[in-house]
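Architecture at a glance
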Amino acid sequence: MQDWPGLIEAYRAWLPVTSTTPVITLREGATPLIPVPAIEERIGKGVKVFVKYDGLNPTGSFKDRGMTMAISKAKEAGCEAVICASTGNTSAAAAAYARRGGMRAFVLIPDGYVAQGKLAQALVYGAEVLAIRGNFDRALDIVREAAEKYPVTLVNSVNPYRLQGQKTAAFEVVDALGDAPDWLCIPMGNAGNITAYWMGFQEYRQAGHSRTLPRMMGFQASGSAPLVNDTTVSDPDTIATAIRIGNPVNRAKAIAARQASNGAFLDVTDAEIIEAYKLLGGQEGIFCEPASAASVAGLLKRKDEVPAGATVVCVLTGNGLKDPDCAINNNDAAFHTDLNPDLATVAGVMGF
Ligand code: F0G
């Protein structure tokens, strides 16, 4: 097996790097596109469904794609510290890549609304973690101002290198399928990833790597759906804390992607998100975080509109291990506790 060099080396010609750019990589990218037969069965009509399991990146989310680029370019520019606001995954990725590149990482998070695994990562990777009494949108305002005033580089998705790195996920989807899918289903928070995918699909098509472009189908949680409802949400709320965002910074670009691709935005309730989350875990053997399950929840909600025989890709943006509390509180598992330590008891539980 040939060793995967990480996405900057793999897609160097498509990225704004030169031979002198230091490449800070954890060999991110090359994540699997996995068929999901139980979901296909629910849709029927000969529709093929795959998940792009980006939770298998080195820090467990798609953010690594953007961060290898943002941090490499920051290093090239001589920067010594980076800063971001985050619902958890950006902070984990920023911390890992910044520290690997020998830089300080300051991360601002909404106190009490970051999943345990993500917080653990930022701490272990050596970030300086600032938990604020405010939500993600407020944290983003603060870090944008900080980056203007102080010698720190902003690595949220307003940093253009982030989207450049993230567009490689679209390349991988086309490389795996041999063409673009008919639908691309994706969760939206700050709407950077839908923007990046659309950029990637367009660039690959222009270069003749695909014949078609997908419809971009973006999904938000009902309690945090500023793009779906064309508004801002001052107090966003959802179990999917990763996408608990009320004022997406990439709003205009996401709307442009929807229009140009004849796509659509729709919201899914927390109950629908959890249903998809349990279906993926319990029947497909795929553990994603709740925000990621919004892509599958959205597809199931719109299943009547999927054309017969279509190919659909749902992006699973983050790993389920990130949010153990959600997993423990939302499953249909048979969990027997406090059992006597003997075979008769065990056999009794098994029904033998
Ligand atoms: N899924 C997961 C698991 C995420 O962490 C995020 C965003 C999204 C989807 C939405 O992506 O913002 O590009 O539309 N997480 C950011 C963070 C906000 O701080 O980790 P988007």
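Along each chain, numbering runs from 1 in the same order as the chain's sequence is written. At least 70 in pLDDT is required for a residue's local features to be given in this predicted model, at least 80 for side-chain atom pairs to be given and counted, and no such filter applies to totals for whole chains, interfaces and linings, which use all residues.

- Labelled according to an unreviewed UniProt entry, the chain appears under the name Threonine synthase, originating from Parasynechococcus marenigrum.
- UniProt positions are given in the numbering used here, feature names are shortened, and annotations may be inferred rather than shown by experiment. Turning to the chain, the UniProt record has this under Function (unreviewed entry): "Catalyzes the gamma-elimination of phosphate from L-phosphohomoserine and the beta-addition of water to produce L-threonine."
- The UniProt entry for the chain carries the following text under Sequence similarities (unreviewed entry): "Belongs to the threonine synthase family."

**Details of the sheet that holds strand β6 (residues 153–154)**
- Taken together, the four strands give an open sheet; going across it, the order is β5-β4-β3-β6, and neighbouring strands pair in parallel fashion. Unpaired on one side and paired on the other, β5 (128–132) and β6 mark the two borders of the sheet.
- Of the pairings in the sheet, the one linking strand β4 (residues 104–110) to β5 comprises five bridges and is parallel in character. Residue pairing for β5: P110 is matched across the bridge by I132.
- Of the strands in this sheet, β3 (81–85) and β4 are in contact with helix α4 (residues 89–100), which crosses β4 at around 175°. Only strands joined by at least two bridges in the DSSP assignment are considered to pair. For the purposes of this entry, the term helix denotes a DSSP run of H or I that reaches at least four residues, the term strand denotes a run of E that reaches at least two, and both are numbered from the N terminus. Residues are defined as contacting one another if the C-beta atoms placed from their backbone atoms lie within 7 Å. All axes are obtained by fitting lines to C-alpha atoms, using only the stretch in contact for helices, and the reported angles, taken between N-to-C directions, cover 0 to 180 degrees.

**Observations regarding the site of the ligand**
- Residues in close proximity to the ligand total 22 residues, the closest being S86, G189, N190, T317 and G318.
- Elements with a minimum of two residues in the shell around the ligand: α4, α9 (192–206) and α12 (290–301).
- When the residues that make up the shell around the ligand are grouped by side-chain class, the tally is six nonpolar, 14 polar and two charged.
- These domain boundaries are the output of an automatic or database domain assignment. Among the domains, domain 1 (7–60 + 163–329) and domain 2 (63–161) are the pair contributing at least three residues each to the shell around the ligand. Each residue receives a C-beta atom placed from its backbone. It is near a molecule or strand if this atom lies within 6 Å of it. Under the grouping applied here, Gly and all other residues not named as nonpolar or charged are polar, the nonpolar ones being Ala, Val, Leu, Ile, Met, Phe, Trp, Tyr, Cys and Pro and the charged ones Asp, Glu, Lys and Arg.

**Some words on α9**
- Here the expected span of a helix is defined as 1.5 Å times the quantity of residues minus one. With 15 residues, α9 should cover 21 Å at 1.5 Å per step; its first-to-last C-alpha distance of 21 Å lies within 8% of that length.
- Among all positions of α9, only G192, N193, I194, T195, A196, Y197, W198, G200, F201 and Y204 are buried.
- Where α9 is buried, its residues touch α7 (160–166), α8 (168–177), β7 (183–187), β8 (215–221) and α10 (251–260).
- After α9 finishes, the residue G208 shows a positive phi value of roughly 85°. Counts of 20 or more other C-beta atoms within 10 Å of a residue's own C-beta define buried residues, counts of 12 or fewer define exposed ones, and intermediate counts define partly exposed ones; C-beta atoms are placed from the backbone.

**Quick notes on the pairing of β4**
- Burial runs high along β4: six of the seven residues are buried.
- Classification remark: right-handed applies to a crossover when, strands pointing away from the viewer, the course from the first strand over the helix to the second runs clockwise. Running through α4, the crossover from β3 to the neighbouring parallel element β4 is right-handed.
- In this fold, β4 hands off to helix α5 (residues 116–124), which returns the chain to β5; that crossover is right-handed.

**Let's talk about α5**
- When α5 is considered as a whole, its buried residues turn out to be G117, K118, Q121 and A122. The arc that holds the buried residues of α5, viewed along the axis, is 135°, so those residues lie on one side.
- Where α5 is buried, its residues touch α4, β4, β5 and α13 (324–329). For this quantity, the arc is that covered by the directions from the helix axis to the C-beta atoms.

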